[in-house]
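# Coordinates in review
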Amino acid sequence: MTKKKLLKRKLKETEAKQVASDEKALPSTRFSDEPEEKKTKWINKTRVLVFSARGISYRDRHLMKDLRSIMPHSKEENKIEKRDNWTIINEMCEMKNCDKCILLEGRRKRDLYMWIANVPTGPCANFLVESVFTMGDLKLTGNCLKGSRPLLSFDGNFSSPHYSLLKELFTQVFSVPNHHPKSQPFFDHVLTFSIHDNRIWVRNFQILTESGALAEIGPRFVLNPIKIFEGSFCGATLWENPNYVTPTSFRRQLKLAAAGKYLNRKQQKEQYELNKPEKSYESRTEDEIFSNDAKLVAEKILEESAKNDEENQTEEKWKPGKLFKHNSKKSSIPKLKVNKLKRRKQGGKTSKNKKPKKTKGGKKHK
């Protein structure tokens, strides 16, 4: 026998031994009423309750629906009132058999906050959600199977204590359990969590090829961490973000900066008027064309030039050497005819009445 056949036989024998060890031996006697033990592969039975409080906008509602579509192990619940005590959420999760929770809270109809909690023991994290883009955005052209399991990719900056705790919380909430009844046994998209500018950037990409080509599916949003609590929606604060600025104070700073620009501009004008010289350089007439309407200024300049020309002509007429010069138009009669007329008036001879001159020889010269 060849070596290949011997290796195959050995592998089969080892696999058969492992299967026999895994299978439990049936008891010799068994009661008819006793149910048989079912083989279960679905061990991790985590469920996430995804719902919101009253007062969220349409875009935030679309984000909530997108999160539900990404996570097949999620469950729905009606909106809760803001004035209610939020410790009731632990009881709601217990009624729905959920051990994780994502709550979206809207304030002032423009700010969105997200609570991610481990029910009922904790911890719980509060985030400000910024720059939301849903799956319906035309820029996000990717696609994936509904219910497929995602690969979670975390940035290397998740090494600090508070970020490592958030990393563990994200993995327990967003990772789909293996062999979940509503899930598909495929990995065709990636959920990335990266830290930049003290914020967590969340993106969802489709895996196009095995080489690593990606296309963004959505949703896309940025989480600005505020606080981490010890319990579920209660308890002592484990960590607080020192760089966090509330959106209302941020908008107030922008308004103050705009007002400061206006005041600065006014002060600059006043200083310019104080330091402005009394006499400046004489401006040329040609420069006025570019200051006002060019057509009107050009007409004024032409009128002034015409007036100057008329004044010059009148000055030339009344010079002492040219007092008796008549500037009338020249007559259309030619010079020869004028000379003939003058001679006739004076009684002179014309060219016809002239006698031929006599030469020395006595011959007439015609």
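Going by the structure above, here's the rest.
Because the structure is predicted, anything quoted here is derived from the model rather than measured. (Residues numbered from 1 in each chain as written. Predicted model: local features only at pLDDT ≥ 70, side-chain atom pairs only at ≥ 80, totals over all residues. Heavy atoms only, no water.)

### Quick word on the overall build of the protein
In plain terms, the rule: The helix count covers DSSP runs of H or I at least four residues long, the strand count covers runs of E at least two residues long, and both are numbered beginning at the N terminus. For every residue, the accessible area (1.4 Å probe, protein chains only) is compared with the maximum for its type, and the residue is labelled buried under 20%, exposed over 50%, or partly exposed between those bounds. The contact criterion used throughout is that any non-hydrogen atoms of two residues lie within 4.5 Å. The accessible surface values rely on the Shrake-Rupley method and a 1.4 Å probe; as for residues, cover is taken only from the protein chains in view.
Counting its regular elements, the protein contains eight helices and 11 strands. Taken over 366 residues, the protein has a buried fraction of 28%. Put simply, of all contacts in the protein between residues at least 6 apart along the chain, 62% involve residues at least 24 apart. Carbon together with sulfur atoms contributes 52% to the accessible area of the protein, which is approximately 28600 Å² in total.

### A look at helix 3 (residues 88-95)
Using the following cut-off: Relevant arc is that of directions from the helix axis to the C-beta atoms, nothing else.
Turning to helix 3, its buried residues number three or more, namely I89, N90, M92 and C93. Angularly, the buried residues of helix 3 cover 160° about the axis, an arc narrow enough to put them on a single face. Across from the buried face of helix 3, at angles greater than 90 degrees, the exposed residues are E91, E94 and M95. In the segment just after helix 3, N97 is the residue with positive phi, at about 60°.

### Some words on the nonpolar core
Formally: In these notes, a set of buried Ala, Val, Leu, Ile, Met, Phe, Trp, Tyr and Cys residues joined through side-chain atoms within 4.5 Å is what counts as a nonpolar core.
Ranked by internal contacts, the top residues of the largest apolar core, which has 33 residues, are I102, M114, F170, F174, I200, F221 and L223. Per element, the largest residue contribution to this core is six residues, and it comes from helix 4 (residues 161-174). Other than its neighbours up to four places away in sequence, F170 contacts I116, F127, L152, F154, S175, F193, I200 and L223. Counting 17 residues, the second largest nonpolar core, distinct from the first, contains L49, W86, A117 and F233.

### Overview of a negative patch on the surface
Heads up, the rule is: Within the patch definition used here, like charges are joined within 9 Å and nonpolar side chains (Val, Leu, Ile, Met, Phe, Trp, Tyr) within 5 Å, considering only residues with over 30% relative accessible area and no salt bridge. Throughout this description, the term salt bridge denotes a Lys or Arg side-chain nitrogen within 4 Å of a carboxyl oxygen of Asp or Glu. Residues scored as charged are limited to Lys and Arg (positive) and Asp and Glu (negative), so that His and the chain ends carry no count. Every charge is mapped onto a representative atom, which is NZ of Lys, CZ of Arg, CG of Asp or CD of Glu.
A cluster of like negative charges, contributed by D293, E299, E303 and E304, occupies part of the molecular surface. Within the element layout of this structure, D293 appears in the loop between helix 6 (288-291) and helix 7 (294-317). By relative accessible area, D293 is classed as partly exposed at 45%.

### Thoughts on a nonpolar patch on the surface
Residues V245, F250 and L254 make up a contiguous nonpolar surface patch of about 270 Å² in total accessible area. Here L254 shows up in helix 5 (residues 247-274).

### Quick look at the pairing of strand 4 (residues 111-118)
Regular strands place side chains that alternate from one sheet face to the opposite one. Just so we agree on the cut-off: Strands were regarded as paired on the criterion that DSSP finds at least two bridges between them.
Most of strand 4 is tucked away: eight of the eight residues are buried. Relative to strand 4, strand 3 (residues 100-107) runs antiparallel, the two sharing eight bridges. Bridge pairing in strand 4 places K100 opposite N118. Between strand 3 and strand 4, which pair antiparallel in sequence order, lie three residues; one of them, R108, sits at a positive phi of approximately 60°. Sheet analysis places strand 4 next to strand 5 (residues 124-133), joined by six bridges and oriented antiparallel. Within the sheet, the bridge partner assigned to L112 lies in strand 5 and is V129.

### Thoughts on the environment of I200
Looking at where I200 falls in the secondary structure, it is placed in strand 8 (residues 199-207). Look at I200 and you get buried, because its relative accessible area is 0%. Linking I200 and L223, residues 23 residues apart in sequence, is a C-alpha distance of 5.0 Å.

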